[in-house]
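What follows is the residue order along each chain.
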Amino acid sequence: DAFRVATVTFSPAEMTFDVPNSVIGRRLWDVDVDGLARQLKAQRPSMKQVRVVRLLPDALQIESVPRTAVAQVRAGNWYAVDADGYVLPEASAAPNDRLVVLKGIESARAPLRAGQRNGGEPMGQALRLLGVQRIRDLAWMSAVGGATLLTLADLLARTVVAPLELPVGAVM
């Protein structure tokens, strides 16, 4: 009975799936973890990733990664969109104040579909612009942080062994 599946755990614990009963009791090495992961992802297509891991001596762990909303679009109702352009299936009547609104993405050639990746050019460009905004914010913060670090290192170099001066590089 060694190496037979006795338990199935979920990570995160609140993301449970319907695991087939045929998995329990099977030899751990006979379980097709990739096939089981595809079967479980089919239960929740809106998951970004589902992975099955063998835990010795007798367990399987189902690891799931949910999609994270970065923006929202209006297609009748308001739908959240992740960084890959996947329109999450949960709709709301009112926009979410915490998400950026993407406008001008709808087109007659490629209508937005909830529960699917919408890889049209307008969606991709809008999401890239969102990324550029984050990079621009990071750039000025790193400049301010670097200047602050250099100023503090210079202050320490001048005051630690006064009246001598240490090289700033030695302090950093």
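The structure presented is a predicted model; accordingly, all values stated were derived computationally and were not measured.

Caption draft 1: Just a nonpolar patch on the surface, in detail. On the surface, Leu156, Val160, Val161, Leu164 and Leu166 cluster together into a nonpolar patch covering about 430 Å² of accessible area. Along the chain, valine 161 falls in the loop between helix 2 (121-159) and helix 3 (168-171). Relative accessible area serves as the criterion here: at 34%, valine 161 is assigned to the partly exposed category.

Caption draft 2: How the structure looks around the nonpolar core. Counting 15 residues, the largest nonpolar core has Leu36, Leu40, Val52 and Leu60 as the members making the most contacts within it. For this core, the secondary structure elements donating two or more residues are helix 1 (33-43), strand 2 (47-55) and strand 3 (59-66). The dominant element in this core, judged by the number of residues it contributes, is helix 1, at four residues. With near-sequence residues (within four places) excluded, valine 52 lies in contact with Val33, Leu36, Ala37, Leu40, Leu60, Gln61 and Ile62. With 13 residues, the next largest nonpolar core counts Val87, Met123, Ala126 and Leu127 among its residues.

Caption draft 3: A look at the packing of aromatic side chains. As enumerated under the stated definition, the model contains zero aromatic pairs in all. Arginine 44 extends its terminal NZ or CZ atom over the ring of phenylalanine 17, reaching a point 4.8 Å from the ring centre. Just above the ring of tyrosine 86 sits the side chain of arginine 67; from NZ or CZ to the centre is 3.9 Å.

Caption draft 4: Representation of the sheet that holds strand 2. Across the sheet, which stays open at both edges, the three strands sit in the order 1-3-2 with mixed pairing between neighbours. The sheet is open, and its two borders are formed by strand 1 (7-11) and strand 2, each paired with just one other strand. On average, each strand axis in the sheet is inclined to that of its neighbour by 20°, with strand direction left out of account. Of the strand pairs in this sheet, strand 2 and strand 3 are connected by eight bridges, and their pairing is antiparallel.

Caption draft 5: Spotlight on the side chain of arginine 67. For arginine 67, the location among the structural elements is in the loop between strand 3 and strand 4 (69-75). Relative accessible area serves as the criterion here: at 18%, arginine 67 is assigned to the buried category. Looking at arginine 67, its side chain comes within polar contact range of the main-chain oxygen of serine 46, at 3.2 Å. Among the polar contacts made by the side chain of arginine 67, one reaches the side chain of aspartate 82 at a distance of 2.7 Å. Filtering out sequence-adjacent residues up to four positions away, arginine 67 remains in contact with Ser46, Met47, Lys48, Asp82, Asp84, Tyr86 and Leu88.

Cut-offs applied
Starting from 1, residues in each chain are numbered consecutively following that chain's sequence as written. A pLDDT threshold of at least 70 governs which residues receive local features in this predicted model, and a stricter bar of 80 or more applies before side-chain atom pairs are shown or counted, although totals over entire chains, interfaces and linings include all residues. To get the side-chain values, take all heavy atoms of the structure and skip hydrogens and water. Like charges are joined within 9 Å and nonpolar side chains (Val, Leu, Ile, Met, Phe, Trp, Tyr) within 5 Å, but only among residues with over 30% relative accessible area and no salt bridge; these make up the patches. Exposure was quantified through the Shrake-Rupley algorithm and a 1.4 Å probe, taking into account, for residues, occlusion by the shown protein chains and nothing else. What makes a salt bridge here is a side-chain nitrogen of Lys or Arg within 4 Å of a carboxyl oxygen of Asp or Glu, nothing more. The numbering of helices and of strands both runs from the N terminus, where a helix is a DSSP run of H or I of at least 4 residues and a strand a run of E of at least 2. Exposure is judged per residue with a 1.4 Å probe applied to protein chains only, and the accessible area is read against the type maximum: over 50% gives exposed, under 20% gives buried, and values in between give partly exposed. What we call a nonpolar core is a set of buried Ala, Val, Leu, Ile, Met, Phe, Trp, Tyr and Cys residues that are connected through their side-chain atoms within 4.5 Å. Only heavy atoms matter for contacts: two residues are in contact if any of them lie within 4.5 Å across the pair. Stacked, tilted and edge-to-face are the three classes applied to pairs of Phe, Tyr and Trp rings, where Trp contributes its six-membered ring and a pair requires centres within 6.5 Å; stacked means planes under 30 degrees apart, edge-to-face means over 60, and tilted covers the rest. Here, a charge over a ring is recorded when the distance from Lys NZ or Arg CZ to the ring centre is within 6 Å and its angle to the ring normal is within 35 degrees. Pairing between two strands is assigned when DSSP locates at least 2 bridges connecting them. Between N-to-C directions, angles cover 0 to 180 degrees, with each direction set by a line fitted to C-alpha atoms, over the stretch in contact for helices. Throughout this description, a polar contact denotes any pair of N or O atoms lying within 3.5 Å of each other; where both atoms belong to protein, one of them has to be capable of donating a hydrogen while the other can accept it, and for residues adjacent in sequence the pair is counted only when both atoms sit in side chains.

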